[in-house]
Protein chains: 2
Amino acid sequence: MVQLEKISSNRVSTGTLTKYSFPSTSLSLSTQFNIFIPSSASAQSPVPVLWYLAGLTCNEDTGAQKGGFLNSAGEQGVAVVFPDTSPRGRACRVRRTIGSLVRTPETAATIPPPPPLPSRAGFYINATNPKWAKYRMYDLITKELPAVLKEANLGLDLSRMSIMGHSMGGHGALMIYLKNPGLYKSASAFAPACNPSVTPWGINAFSNYLSAPAPAPSSDKEPPAEWLAYDSSHLLKQAAPGENLSVLVDVGTEDKFLKDGQLEPAKLEEAAKGKQGKVEVRLQKDFDHSYYFISTFSPEHIAFHAKALKA
Amino acid sequence: MVQLEKISSNRVSTGTLTKYSFPSTSLSLSTQFNIFIPSSASAQSPVPVLWYLAGLTCNEDTGAQKGGFLNSAGEQGVAVVFPDTSPRGRACRVRRTIGSLVRTPETAATIPPPPPLPSRAGFYINATNPKWAKYRMYDLITKELPAVLKEANLGLDLSRMSIMGHSMGGHGALMIYLKNPGLYKSASAFAPACNPSVTPWGINAFSNYLSAPAPAPSSDKEPPAEWLAYDSSHLLKQAAPGENLSVLVDVGTEDKFLKDGQLEPAKLEEAAKGKQGKVEVRLQKDFDHSYYFISTFSPEHIAFHAKALKA
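Residues numbered from 1 in each chain as written. Chains lettered and ligands numbered in written order. Predicted model: local features only at pLDDT ≥ 70, side-chain atom pairs only at ≥ 80, totals over all residues. Heavy atoms only, no water.

Trainee: Whenever I open this one, the pattern of salt bridges confuses me. Can you help?
Mentor: Where charged atoms from two side chains of opposite charge come close, those side chains can pair. Scanning the model with the defined rule gives 21 salt bridges over all chains in all. With a closest N to O distance of 2.8 Å, B:R136 and B:D139 form a salt bridge. One network of salt bridges, with partners in common, ties together A:K19, A:E60 and A:D61. (Salt bridge = Lys/Arg side-chain N within 4 Å of Asp/Glu carboxyl O.)

Trainee: Help me out: how do you make sense of the UniProt feature "active site" (unreviewed entry) in chain A in this one?
Mentor: Residue and element names in this part refer to chain A. UniProt records the feature "active site" (unreviewed entry) at S167, D255 and H289, using the numbering of this structure. Over a stretch of 123 residues, the named residues converge on one spot in the fold, their C-alpha atoms separated by at most 10.7 Å. Position of S167 among the secondary structure elements: in the loop between β10 (156-166) and α4 (168-179). Sequence-distant contacts of S167, defined by excluding residues within four places in its chain, comprise G55, F190, A191, P192, A193, W201 and H289. As for its placement among the helices and strands, D255 is situated in the loop between β12 (245-252) and α8 (256-259). D255 has contacts with A191, L263, F287, D288 and H289, leaving out every residue within four places of it along the chain. (UniProt positions renumbered as here; feature names shortened; annotations may be inferred. Helix = DSSP H or I, 4+ residues; strand = E, 2+ residues; numbered from the N terminus. Contact = heavy atoms within 4.5 Å.)

Trainee: Looking at this model, I keep getting lost on the relation of the copies chain B and chain A. Mind explaining?
Mentor: There are two copies of the chain, and a rotation about an axis plus a shift along that axis relates them. Least-squares fitting of chain B to chain A yields an RMSD of 0.0 Å, with the transformation described by 0.0 Å of translation along the axis and a rotation of 180°. Here the copies are linked by what is in effect a two-fold axis. No C-alpha of chain B approaches the rotation axis more nearly than that of B:K66, which lies at 2.5 Å. Taken together, the interface assignments show that 100% of the residues at the interface of chain B recur at the interface of chain A, consistent with an identical surface on both copies. (Least-squares fit on C-alpha atoms with pLDDT ≥ 70 in both.)

Trainee: What am I meant to see in the environment of A:W201 here?
Mentor: Residue and element names in this part refer to chain A. Along the chain, the position of W201 falls in helix α5 (residues 200-209). The class of W201 is buried, set by a relative accessible area of 12%. For the pair W201 and L245, spaced 44 residues apart in sequence, the C-alpha to C-alpha distance is 26 Å. (Buried < 20%, exposed > 50% of the residue type's maximum accessible area, 1.4 Å probe, protein only.)

Trainee: What exactly am I supposed to notice about helix α10 (residues 291-309) of chain A here?
Mentor: All names here are of chain A. For α10, the principal kink sits at F297 and spans about 45°; a proline, P299, occurs within the next four residues. In terms of burial, α10 is a largely internal element, 14 of the 19 residues being buried. Residue S290 occupies the N-cap position of α10, its side-chain oxygen lying 3.1 Å from the main-chain nitrogen of Y292. (Bend = angle between axes of the 7 residues up to and from the residue. Polar contact = N/O pair within 3.5 Å; in protein donor to acceptor, adjacent residues only side chain to side chain.)

Trainee: Explanation requested: the interface of chain B and chain A in the structure shown.
Mentor: Much of the literature gives interface size as the accessible area that the parts lose upon coming together. On the chain A side, the residues contacting the 21 residues of chain B number 21 residues. The largest per-residue losses of area from chain B upon contact with chain A belong to B:R11, B:Q65 and B:Y292, which jointly make up 40% of the total buried on that side. Where chain B touches chain A, the interface holds zero salt bridges. Across the chain B-chain A interface, the total number found is eight residue pairs in polar contact (both at pLDDT 80 or more). Taken together, the elements giving at least two residues each to the side of chain B that touches chain A come down to β1 (5-12), α1 (62-66), α2 (70-76) and α10 (291-310) of chain B. When residues in the side of chain B that touches chain A are grouped by element, the largest group, five residues, is from α10(B). (Buried area = accessible area lost by both parts, 1.4 Å probe.)

Trainee: Help me understand the sheet that holds strand β5 (residues 79-83) of chain A in this model?
Mentor: Sheet strands pair by backbone hydrogen bonding; their relative direction is either parallel or antiparallel. All names here are of chain A. Strand order in this open sheet of nine strands is β1-β2-β3-β5-β4-β10-β11-β12-β13, and the pairing throughout is mixed. The open sheet has two edge strands with one neighbour each: β1 (5-12) and β13 (277-284). Strand after strand, the sheet turns through a mean of 20° between neighbouring axes, direction not considered. Direction of pairing for β12 relative to β13: parallel, over a ladder of eight bridges. (Pairing = 2+ DSSP bridges. Axes fitted to C-alpha atoms, helices over the stretch in contact; angles between N-to-C directions.)

Trainee: I'm lost on the packing of aromatic side chains in this one. Help?
Mentor: Working definition: an aromatic ring pair is given by the centre-to-centre distance plus the angle between the planes. Applying the stated criterion across every chain, the model contains 34 aromatic pairs over all chains. Between A:F206 and A:W227, the ring centres sit 5.7 Å apart and the planes meet at 70°, which makes this aromatic pair edge-to-face. Note that A:F206 is positioned in helix α5 and A:W227 in helix α6 (residues 225-228), a separation of 21 residues in sequence. Residue A:F206 is classed as buried on the basis of its relative accessible area of 0%. Here B:F293 and B:F297 contribute two aromatic rings whose centre-to-centre distance is 5.8 Å and whose plane-to-plane angle is 65°, an arrangement assigned as edge-to-face. You can see B:F293 and its partner B:F297 sitting in helix α10, four residues apart, about one turn around the helix. Here B:F293 and B:F297 have matching classes, each one buried. Pairwise contacts between aromatic rings join A:Y52, A:F69, A:F82, A:F190, A:F287, A:F293 and A:F297 into one cluster. Across the ring face of A:Y230, the terminal group of A:K179 is positioned such that the distance to the ring centre comes to 4.8 Å. (Phe/Tyr/Trp six-rings, centres within 6.5 Å; stacked < 30°, edge-to-face > 60°. Lys NZ or Arg CZ within 6 Å of the ring centre and 35° of its normal.)

Trainee: Whenever I open this one, the sheet that holds β1(B) confuses me. Can you help?
Mentor: Taking strand neighbours across the sheet as the criterion, the nine strands line up as β1-β2-β3-β5-β4-β10-β11-β12-β13 (chain B) in an open arrangement whose pairing is mixed. Looking along the sheet, the strands with just one partner apiece sit at the ends: β1 and β13 (277-284) of chain B. Direction aside, the axes of adjacent strands within the sheet are offset by 20° on average. The pairing of strand β4 (residues 47-53) of chain B with strand β5 (residues 79-83) of chain B spans three bridges and is classified as parallel. Residue pairing for β5(B): B:V49 is matched across the bridge by B:A79. Of the strands in this sheet, β1 and β2 (15-24) of chain B are in contact with α10(A), which crosses β1(B) at around 30°. In the packing of helix α3 (residues 137-151) of chain B onto the sheet, contacts are made with β2, β3 (29-38), β4, β5 and β10 (156-166) of chain B, and the angle to β2(B) comes to roughly 115°.

Trainee: What am I meant to see in the packing of helix α3 (residues 137-151) of chain A against α4(A) here?
Mentor: For any two helices packed against each other, the geometry is given by the interaxial angle and the distance between the axes. Residue and element names in this part refer to chain A. Across the interface, α3 lies against α4 with an axial gap of 12 Å and an inter-helix angle of 60°. Regarding the angle of α3 to α4, the classification is oblique. Helix-helix and strand crossings are classified by hand; for α3 and α4 the assignment is right-handed. Between α3 and α4, the residues in contact are Y138, I141 and T142 and M175, I176 and K179, respectively. (Parallel < 35°, antiparallel > 145°, perpendicular 65-115°, else oblique. Left-handed = near helix turned anticlockwise from the far one by under 90°.)

Below, the structure written as structure tokens:
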């Protein structure tokens with residue numbers, strides 16, 4: 001059983017936000033996350049779980065502090081998990097003694113310098129390039145963290161989960177939702193990178209983290225299958241006919257990265273044609289890429305997920 | 001006329017948050033502030049103005065990003081001003097040419113090192129100690145900024161103002177409200193320093209910034225009159241019988257600074273006895289001093305002020 005170390009705890013909304021650290025096998029590093037749990041949660045009355053994946057340059061605190069999610073989540077009785085966004089490069093050796101955990105001082109891990117991306121961006125994928133192959137952010141979010149939370153007996157109902165995210169984390173949320181039909185009740189995203197196998201951030205991340213090399217520039221070749229397997233627009237196009245989709249996406253019309261061609265929500269809309277369920281992509285006039293944009297629409301996203309989680 | 005330089009602008013809630021800089025005569029320095037203005041505001045239909053004074057170690061961004069005020073303020077049609085909390089020690093020379101503003105590069109001001117307070121805390125008072133006497137935060141908030149906003153024709157109704165704040169800024173909000181009967185319709189505070197003339201933060205600030213020396217330690221002497229003139233509990237005790245008070249204060253029971261004797265809300269309650277109107281002090285179980293506490297109750301504070309501003 002993984003031992004969670006409590007880092008901090010704050011009463012907020014109708015519950016408590018707690019920050020935990022634990023040694024992650026998916027990353028070979030310690031990692032931190034915040035979790036908001038309404039006070040009503042208990043083993044007898046477990047609450048559904050909503051995941052929030054933050055973007056590049058952010059961490060487990062950003063969404064909790066600036067997203068404006070917690071009052072709505074508290075009213076709805078929904079837990080919200082805020083994982084860290086990337087491997088942080090801190091090694092953590094943990095050994096157990098009878099009944100307690102002894103944490104040896106953290107030592108700087110022997111990690112090669114990060115790829116030429118802003119910050120140590122994880123992109124929520126499992127790296128396969130041998131240089132980075134111990135960074136398995138996808139496994140952390142989809143397998144290890146849910147298992148850790150289940151073991152911790154926090155009053156969560158992990159059979160009812162939904163997922164959302166921002167920017168790189170919006171890509172993460174949509175991609176993880178689409179790759180795991182039935183695992184999440186709904187997905188939503190703020191300004192997500194919808195088509196990363198052919199847009200600059202994604203090409204940069206995939207060509208560094210994944211084994212399959214990039215197609216030659218200006219060739220007409222499709223991106224490699226290993227890349228497409230992490231591309232939401234591709235995954236949505238492949239979605240099985242019977243899959244009942246529940247997706248909400250907001251993008252601001254003044255988002256610099258929309259204008260730069262990093263987000264491509266139209267590609268997601270195109271891929272959604274003829275699919276079952278609902279994939280709603282909304283362009284929000286004059287909004288940008290910031291947390292001011294997110295905090296404006298976060299109550300609507302919470303309501304969207306709460307409806308799916310309680311259906 | 002003071003020229004405002006626009007630093008940034010973000011669409012949020014039902015309006016826009018804009019950050020401005022201007023050369024402040026109250027501080028002899030440039031200063032920045034954020035202002036949220038609902039899109040409905042116009043010269044024909046000006047909106048009331050709510051001030052938010054942040055605490056020590058914070059600046060003009062903290063409340064705007066983490067306070068959770070803007071969705072409620074937007075719904076209520078109330079503007080919110082977030083001034084910087086302290087003189088930042090950046091000198092700014094500004095000269096005008098026909099039709100435009102030429103800003104010479106900012107140069108580090110010749111400012112003595114800050115007093116032994118965490119960060120360069122302004123405490124929202126006019127310093128009189130000659131060493132700091134160019135720092136007039138009280139004048140900035142009560143006179144210069146309202147005049148600057150009025151001149152800027154932003155669709156604000158500056159005859160309808162209310163004021164709120166957190167911690168050091170809670171002291172500022174209550175003190176400024178009580179010193180200026182009739183100028184603000186209501187005041188509220190999160191975890192304010194209610195009795196700073198006899199509590200450690202206040203003693204530190206007042207003994208550094210003000211001319212009147214501190215009473216000898218453990219003497220029974222009252223604090224000097226110059227200190228009491230910035231002490232909300234003292235000011236409230238002195239409030240004229242006819243003054244119709246409208247004050248809301250929230251303090252978390254797990255607030256470290258409440259336990260340390262920095263806040264003393266009971267002194268404010270005691271001073272309110274027999275006064276006209278309402279001074280409500282609420283202890284919020286298990287909450288602490290953080291913005292998680294503020295963001296939980298900020299919608300209630302906005303509703304409280306909106307009611308007073310629209311009465």
